[in-house]
Protein chains: 2
Amino acid sequence: MSLSGRITDIHVHDVRFPTSLALDGSDAMNADPDYSAAYVVLETDRTDGLAGHGLTFTIGRGNDIVAAAIASLRPLVIGLSLADFAATPGATWKHLTGDSQLRWLGPEKGVIHLATAAVVNALWDLWAKAVDKPLWKLLVDLSPAQIVEMVDWRYLTDALTPDEALAMLEKLAPTRATREAEILARGYPAYTTSAGWLGYEDEKIRRLCAEGIEQGFTHFKLKVGADRADDLRRARVMRDAIGPDRAMMIDANQRWDVDVAIDWVTSLAECRPLWIEEPTSPDDILGHAAIARGVRPLGIGVATGEHCQNRVMFKQLLQADAIDFCQIDSCRLAGVNEVVAVLLLAAKFNTPVCPHAGGVGLCEYVQHESIFDYICVSGSLDGRITEFVDHLHEHFVDPCVVRDGHYVAPTAPGTNITLKPESLTTHTFPDGQVWRDLRANAPLRS
Amino acid sequence: MSLSGRITDIHVHDVRFPTSLALDGSDAMNADPDYSAAYVVLETDRTDGLAGHGLTFTIGRGNDIVAAAIASLRPLVIGLSLADFAATPGATWKHLTGDSQLRWLGPEKGVIHLATAAVVNALWDLWAKAVDKPLWKLLVDLSPAQIVEMVDWRYLTDALTPDEALAMLEKLAPTRATREAEILARGYPAYTTSAGWLGYEDEKIRRLCAEGIEQGFTHFKLKVGADRADDLRRARVMRDAIGPDRAMMIDANQRWDVDVAIDWVTSLAECRPLWIEEPTSPDDILGHAAIARGVRPLGIGVATGEHCQNRVMFKQLLQADAIDFCQIDSCRLAGVNEVVAVLLLAAKFNTPVCPHAGGVGLCEYVQHESIFDYICVSGSLDGRITEFVDHLHEHFVDPCVVRDGHYVAPTAPGTNITLKPESLTTHTFPDGQVWRDLRANAPLRS
């Protein structure tokens, strides 16, 4: 396999799935998400026609804005050489995030950063396909020095220097093979969020927990934050359904102010949640630290990250001892490079990384990142568990596979993110068949 | 004047000024800005044809993405009643920032928040014009309870509660008239950034400082951060030009990591800067706190805010004692409502607010906000000074006026942000005459 070729074109697709029709994905802040992807195809001039696929996740309206932002990155992408990217992926990342005018829109946050994620992830997909490896294996085969180069160290050095990172990676390098064999044999531990959406009846929670246990899951997540009495009842239902020895996590999706968070979580402590996720604003580092101080004495940890905008925010969450579980998001961070930066930071602070997934495509991405984390960065599975939500996988050519509560290490080359052509066509917004049909049936639906 | 009418249409314009042709606006991170505005006109069904005008500022590429984001807010804006907005501007703000799908793009940061700012500011413009008052006077005539309602208190109450804010405002209410008279007589103190752009030769700095002194300015800003020896030379030039008794501020535009910032600023301490502005990532609250601890012993304060994404971040900068000067931005924060939230927080923490301006339209906005701050919120001018940059004002129907180093209190109804029709037409990107001419002269210019 060769690293020949340059990017000759970038196609952007606004793809949406009408998930709001059911209450899958409902939580205290996101009442009616239509899981969506701004989906990128990077074409090359390679003779084998190889293309890179990447996406970033949104929940519906606004997916077109992200698509427009991806299009604005076009001049930075066209002409990139795959060999150059593979030689210095960190330099390419800085190039893509460094446009002197576009950076005003962030810098490195929100729409423009989500857009960058799709492009960066597509470049990694292309590289992995070109060398015929799944992304995790491509990453695992990089040297410590190559991994360090991948990261933009600007603004990180007060917490972690490139030299420290190199030493951490080198320390684990000799034992990578052992952990790789272990992952190939057992997979990476997963938990399920499918059982605990806010819109579900108690009986549905009970049934889905039983199914989850049957499928080998040991950790179950419950959405909370809309009504306190309701939360306690539902938490008791879940605790009863999963038994005393399995773990329950609760997720408030940014609902509370600091004092309310501590108080509310305290009232659910009898159900022994492992963590409270997104208790308050994702921007509130000091608030998370205060909440952590308030609920740790109850044996409850704080988790956040799916809305954490970049590595500088994660750095501070770690420095401030504000989180017990670090939930990187493969698309809110600007792709693989920045995810690796946060994995390194978390390892420095001995904080387990438990990636956010669900949505569409996020499970496909994070399985690679968790496996890489274990083999090369953290070297540990203690307290590590990666989110899994069982929907929309059927739209991918090579969907992730979860078996006996574990992500099975992917074997297909790339990042598992290539959409089936028919899914892409029928779900393109607003003119795909799925959306045309919905409008025909309900003319006022946007 | 009446508050009748509803919003019937929203027009969005991508307006850009080719400022990169000169080196006006050049700094260590923004090498070649084309100052731009995503400009909004809210049409109404009023018989007098009154419209609301608002903008958000960018520096060129990406202005179209913000314009697209503004268009996506359309369903939230059309049909709004001016009377309802005037009755509960806080409720309207929550409505505009609360779309359950769009919030994924932030929440409350980056492109979607910049877009919200333009719409919110246009609503205030409409209200002010409808009651025939400049924005500052409309704000000053609101009761303490109305001002408290304007703010979205979510995520703020661990630092400041609505009741505390109400008490602060009520305490100053009886003396508002005195301060209003003072401002009408003397204006609000301004400083100039026009003298110290990074691209300027020493002689130009010297000449512009002399002109600034002539114009009554007492505070001068110098851009730093690209080259240390160069910075020291330029700082000495400026200190020499302004004499020992005037103030110099230095601005690094996010250039440094924490340790480098402390070290670099220390090497410029002999020139006695009043503050170091944006020493590091705008997201790095803990980093700013560390830098503040490092440079305060030298008599140098820390200032930041032009890239501070929302009230939650400002809250933490204040809680962490990370800043000595709070630089709100009238368009990066989501308009007047969120600016008022930060003014209240800053007053609680006794931190002077020194707004960021320059760009295009920002001076027009912040003059209102600073005057309101003094009359109703801070009650003090100690350590307060508002940025002024003397360019692009000629494009506004009612530009701000700075005289003897002070913003003259505006008298025109509204927010002074209405663009002259010919400026709007000729600078519309990419098809306005100015841009057509540039392309004709330099075909490769984007």
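Within every chain, residues take consecutive numbers counted from 1 along the sequence as written. Whichever chain is written first becomes A and whichever ligand is written first becomes 1, with later ones labelled in order. Totals for whole chains, interfaces and linings use all residues, but because this is a predicted model, local features are given only for residues with pLDDT of at least 70 and pairs of side-chain atoms are given and counted only at 80 or more. Heavy atoms from the whole structure form the basis of all side-chain values; hydrogens and water molecules are not counted.

### Section: the overall build of chain A
Our working definition: Labels follow the DSSP assignment, with helices taken as runs of H or I lasting at least four residues and strands as runs of E lasting at least two, numbered in each case from the N terminus. What makes two residues a contact is simply this: any of their non-hydrogen atoms within 4.5 Å. Residue-level accessible areas treat just the shown protein chains as cover; the underlying method is Shrake-Rupley with a 1.4 Å probe.
Helix and strand counts for chain A stand at 18 helices and twelve strands. Along the longest, intermediate and shortest principal axes, the C-alpha atoms of chain A span 60 × 60 × 45 Å. In chain A, the proportion of contacts linking residues at least 24 apart, taken out of those at least 6 apart, comes to 76%. If you sum the accessible surface of chain A, you get close to 14200 Å²; carbon and sulfur atoms cover 53% of it.

### Let's talk about the pattern of salt bridges
Residue and element names in this part refer to chain B. Put simply, the test is: Basic side-chain nitrogens of Lys or Arg form a salt bridge, by our definition, when they fall within 4 Å of a carboxyl oxygen of Asp or Glu. Relative accessibility thresholds used throughout: buried, under 20% of the residue-type maximum; exposed, over 50%; partly exposed, between the two (1.4 Å probe, protein chains only).
For the coordinates displayed, the defined rule picks out 62 salt bridges over all chains. Here Asp 64 makes a salt bridge to Arg 16, at a shortest N to O gap of 3.4 Å. Here Asp 64, found in helix α1 (residues 63-72), pairs with Arg 16, found in strand β1 (residues 7-16); they are 48 residues apart in sequence, far enough to count as distant. With a relative accessible area of 5%, Arg 16 lands in the buried category.

### Quick word on the nonpolar core
Put simply, the rule reads: Note on terminology: a nonpolar core comprises buried Ala, Val, Leu, Ile, Met, Phe, Trp, Tyr and Cys residues joined through side-chain atoms within 4.5 Å.
Counting 292 residues, the largest nonpolar core has Trp 124 of chain A together with Trp 124 of chain B as the members making the most contacts within it. What Trp 124 of chain B contacts, discounting residues up to four positions off in sequence, is Phe 85, Pro 89, Leu 135, Leu 138, Leu 139, Leu 142, Met 150, Val 336 and Asn 337 of chain B.

### Details of the pairing of strand β5 (residues 219-223) of chain B
Residue and element names in this part refer to chain B. Heads up, the condition is: Between any two strands, at least two bridges found by DSSP are needed for them to pair.
Judged by how many residues are buried, β5 sits mostly within the fold: five of five residues are covered. Here β5 shows two buried faces, one formed by His 219, Lys 221 and Lys 223 and the other by Phe 220 and Leu 222. The sheet contact formed by β5 and strand β6 (residues 247-251) spans five bridges and is parallel. Bridge pairing in β6 links Lys 223 to Asp 251.

### Description of unusual backbone geometry
All names here are of chain B. Residues Gly 106 and Pro 107 are joined by a peptide bond in cis, for which omega reads -15°. Assignment of secondary structure puts Pro 107 in the loop between α4 (89-97) and α5 (110-130). Of the consecutive residues Phe 429 and Pro 430, the connecting peptide bond is found in the cis state with omega at 0°. Its location among the elements puts Pro 430 in the loop between α17 (421-427) and α18 (433-441). Unusually for a residue other than glycine, Glu 108 sits at a positive phi of about 55°. Structurally, Glu 108 can be placed in the loop between α4 and α5. Among the residues examined, Glu 108 registers a relative accessible area of 16% and is labelled buried. The backbone phi angle of Leu 392 is positive, close to 70°, even though this residue is not glycine. A residue is classified by how much of its surface remains accessible, and Leu 392, at 9% relative accessible area, is buried.

### Some points on the interface of chain A and chain B
So the rule is basically this: Summed over both partners, buried area is the accessible surface (1.4 Å probe) that two parts give up on being assembled. As used in this structure description, the phrase polar contact means that two N or O atoms lie within 3.5 Å; if the pair is within protein, one of them must be able to donate a hydrogen and the other to accept it, and residues adjacent in sequence are counted only when both atoms belong to side chains.
Every contact between the two is made by 61 residues of chain A and, on the other side, 61 residues of chain B. Among the residues of chain A in contact with chain B, Arg 61, Gln 101 and Trp 104 of chain A are the three that bury the most area, contributing 18% of the side total. Taken together, the links from chain A to chain B amount to six salt bridges. Across the pair Asp 284 of chain B and Lys 315 of chain A runs a salt bridge, and its minimum N-O distance is 2.5 Å. Run the count over chain A and chain B and you get 39 residue pairs in polar contact (both at pLDDT 80 or more). For the side of chain A that touches chain B, the secondary structure elements donating two or more residues are β3 (52-58), α1 (63-72), α5 (110-130), α13 (285-295) and α14 (311-319) of chain A.

### Re the relation of the copies chain A and chain B
Using the following cut-off: The superposition of copies rests on a least-squares fit of C-alpha positions from residues with pLDDT of 70 or more in both.
Superposition of chain A onto chain B requires a rotation of 180° combined with a translation of 0.0 Å along the rotation axis, giving an RMSD of 0.0 Å. Here the copies are linked by what is in effect a two-fold axis. Taking C-alpha positions as the reference, the residue of chain A nearest the rotation axis is Gly 110 of chain A, at 2.5 Å. A shared binding surface is used by both copies, with 100% of the interface residues of chain A retained as interface residues in chain B.

### Brief notes about the domain arrangement of chain A
Residues and elements named next belong to chain A. Keep this limit in mind: Note that the domain bounds reflect an automated or database-derived domain assignment.
Domain assignment breaks chain A into domain 1 (7-145) and domain 2 (167-407). Summarising the inter-unit geometry, the C-alpha centres of domain 1 and domain 2 are found 23 Å apart. Interface of domain 1 and domain 2: buried area, both sides summed, is about 3500 Å²; carbon and sulfur atoms make up 66% of it. If you look at where domain 1 meets domain 2, you find two salt bridges. The residue Arg 311 makes a salt bridge to Glu 108 at a minimum N-O spacing of 2.5 Å. The interface formed by domain 1 and domain 2 includes 14 residue pairs in polar contact (both at pLDDT 80 or more).

### A look at the confidence of the model for chain A
Note the following rule: Confidence of the predictor at the level of single residues is captured by pLDDT, which takes values from 0 to 100.
When pLDDT is averaged along chain A, the result is 96, and 98% of the positions lie at 70 or above. Interface confidence for the predicted complex, expressed as ipTM, amounts to 0.96; the pTM equals 0.97.

### Structural notes on the sheet that holds strand β3 (residues 52-58) of chain B
Residue and element names in this part refer to chain B. Condition: Here an angle of 0 to 180 degrees is reported between the N-to-C directions of two axes, which are lines fitted to C-alpha atoms, with helices fitted over the stretch in contact.
Strand order in the open sheet formed by three strands is β1-β2-β3, and the pairing between neighbours is antiparallel. Looking along the sheet, the strands with just one partner apiece sit at the ends: β1 and β3. Direction aside, neighbouring strands of the sheet carry axes that sit 20° apart on average. Direction of pairing for strand β2 (residues 36-44) relative to β3: antiparallel, over a ladder of seven bridges. Directly across from Val 41, in β3, lies its bridge partner His 53.

### Details of the sheet that holds β3 of chain A
Residue and element names in this part refer to chain A. One open sheet accounts for three strands, arranged β1-β2-β3; its pairing is antiparallel. Of all the strands in the sheet, just β1 (7-16) and β3 have a single pairing partner and so form its edges. Pairs of neighbouring strands in the sheet enclose a mean axial angle of 20°, with direction left out of account. Relative to strand β2 (residues 36-44), β1 is paired through nine bridges, and the arrangement is antiparallel. Its bridge partner lying in β2, Asp 9 is registered against Glu 43.

### Overview of α14 of chain A
Here α14 of chain A lies mainly inside the structure; eight of its nine residues are buried. Looking one or two residues past α14 of chain A, Asp 321 of chain A carries a phi angle of roughly 55°, positive in sign.

### A look at the packing of aromatic side chains
Using the following cut-off: Pairing of aromatic rings covers Phe, Tyr and Trp, the last through its six-membered ring, and needs centres within 6.5 Å; plane angles under 30 degrees mean stacked, over 60 mean edge-to-face, and all others mean tilted. Criterion for a charge above a ring: Lys NZ or Arg CZ within 6 Å of the ring centre, and within 35 degrees of the ring normal.
Taken as a whole and assessed by the stated rule, the structure comprises 22 aromatic pairs over all chains. With 5.2 Å between their ring centres and 80° between their planes, Phe 57 of chain A and Trp 104 of chain B make a pair best called edge-to-face. Highlighted residues: Phe 57 of chain A in strand β3 and Trp 104 of chain B in the loop between α4 and α5, drawn from two different chains. Considering the side-chain rings of Trp 256 of chain B and Trp 264 of chain B, the 5.1 Å spacing of their centres and the 35° angle between planes classify their relative orientation as tilted. Among the aromatic residues, ring-to-ring pairing joins Tyr 35 and Phe 57 of chain A together with Trp 104 of chain B into one connected group. Between Lys 204 of chain A and the ring centre of Tyr 200 of chain A, over which it is positioned, the NZ or CZ distance is 4.0 Å.

### A few points about the UniProt feature "domain: Mandelate racemase/muconate lactonizing enzyme C-terminal" (unreviewed entry) in chain A
Our working definition: UniProt positions are given in the numbering used here, feature names are shortened, and annotations may be inferred rather than shown by experiment.
Mapped onto this numbering, the UniProt entry gives "domain: Mandelate racemase/muconate lactonizing enzyme C-terminal" (unreviewed entry) at residues 202-298 of chain A. The annotated region residues 202-298 of chain A carries 51% helix and 15% strand content, and the separation between its end C-alpha atoms amounts to 26 Å.

### Section: the packing of α4 of chain B against α5 of chain B
Residue and element names in this part refer to chain B. To be explicit about the condition: Convention used here: angles under 35 degrees read as roughly parallel, angles over 145 as roughly antiparallel, angles from 65 to 115 as roughly perpendicular, and any remaining angle as oblique. Throughout, a crossing is termed right-handed when the near helix is turned clockwise from the far one, and left-handed when it is turned anticlockwise from it by less than a right angle.
In the contact formed by α4 and α5, the axes pass within 10 Å of each other and the chain directions differ by 150°. Comparing the axis directions of α4 and α5 gives the class roughly antiparallel. Both α4 and α5 take part in a crossing whose hand is right-handed. Contacts between α4 and α5 involve Pro 89, Thr 92, Trp 93, Leu 96 and Thr 97 from the first element and His 113, Thr 116, Val 119, Val 120, Leu 123, Trp 124 and Trp 127 from the second.

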